[in-house]
Amino acid sequence: MSDLDQLTQSLARNLKRWRGERGFTLDVLAARAGVSRGMIIQIEQARTNPSVGTTVKLADALGVSITTLLDYEQGSPVRLVPESQAVRMWSTEAGSSTTLHVGTEARGPLELWTWCLMPGDSSASDPHPEGTVELLHVTAGELTLVVDGTPYAVPAGGSASFEAHHPHAYRNDGSEPTEVTMAVSIPPVR
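Computed from a predicted structure; not experimentally measured. (Residues numbered from 1 in each chain as written. Predicted model: local features only at pLDDT ≥ 70, side-chain atom pairs only at ≥ 80, totals over all residues. Heavy atoms only, no water.)

### Notes on the sheet that holds strand 6 (residues 142-147)
- Spatially, four strands are ordered 4-9-6-7 in an open sheet, and the strand pairing comes out antiparallel. Edge positions in the sheet fall to strand 4 (122-125) and strand 7 (150-155), since each has one partner strand and no second. Shown here is a sheet whose adjacent strand axes are inclined to one another by a mean of 15°, direction ignored.
- Pairing geometry for strand 4 and strand 9 (residues 168-171), over four bridges, is antiparallel. Bridging across to strand 9, Ala-124 finds its partner in Ala-169. (Pairing = 2+ DSSP bridges. Helix = DSSP H or I, 4+ residues; strand = E, 2+ residues; numbered from the N terminus. Axes fitted to C-alpha atoms, helices over the stretch in contact; angles between N-to-C directions.)

And the structure:
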């Protein structure tokens, strides 16, 4: 079984499990996530590999991290994640990418990411649930963080935190690659 097949099977199993634990019908989850009922059925039957955006919406609606939806090795109190098992969530032909390294459900989902944005590339994010906080640290280049339409320059060595229930985007307006480490804290579903 390929990594993609394993990821698709894991997402199908975990989406069904978390939807059941939350007591959400297909229609309730579809409404909460803004994802069609048909798409959720296809994901739960492992017949499609959804976009990162769709996966994020489903995780947010369920109040779990993306890691939890994609994870196929849970159980031990210590979770070691070798570099080879980090999940590449998206990439562009120019060389930009994001990688999800690890996440946890302790006191609400918490995720750790690395981002690489090539010159001229950007990524926009839909607002997350109220109470979501993102922390980021730029390790190379300069990041232009746009929150609620306002750009903020974050140079290498600099860090930022923000309330991620506002529309936000990440841009590399510079001439060299930008590398960022980011943590995302999502409030538990109430």
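### Here we look at the pairing of strand 7
- In this structure, strand 6 lies alongside strand 7, joined through six bridges in antiparallel fashion. Each residue of the ladder has a partner; that of Glu-142, found in strand 7, is Pro-155.
- Counted between consecutive antiparallel strands, the loop separating strand 6 from strand 7 contains two residues, among which Asp-148 sits at a positive phi close to 55°.

### Description of the nonpolar core
- In this structure, Leu-58, Leu-69, Leu-136, Leu-143, Leu-145 and Tyr-170 are the most contacted members of the largest nonpolar core, which totals 41 residues.
- Here this core gets five residues from one element, more than from any other, and that element is helix 4 (residues 52-62).
- Not counting residues within four places of it along the chain, the set of residues in contact with Leu-69 comprises Ser-10, Leu-11, Asn-14, Leu-15, Trp-18, Thr-55, Leu-58, Ala-59, Leu-62 and Val-64. (Core = buried A, V, L, I, M, F, W, Y, C linked by side-chain atoms within 4.5 Å. Buried < 20%, exposed > 50% of the residue type's maximum accessible area, 1.4 Å probe, protein only. Contact = heavy atoms within 4.5 Å.)

### Regarding the side chain of His-168
- By the secondary structure assignment, His-168 is in strand 9.
- In this structure the side chain of His-168 is engaged in a polar contact, spanning 3.2 Å, whose partner is the side chain of Glu-134.
- One polar contact links the side chain of His-168 to the main-chain carbonyl oxygen of His-166, over a distance of 2.7 Å.
- Sequence-distant contacts of His-168, that is, excluding residues within four places in its chain, are made with Ala-124, Ser-125, Asp-126, His-128, Glu-134, Val-146, Val-147 and Phe-162. (Polar contact = N/O pair within 3.5 Å; in protein donor to acceptor, adjacent residues only side chain to side chain.)

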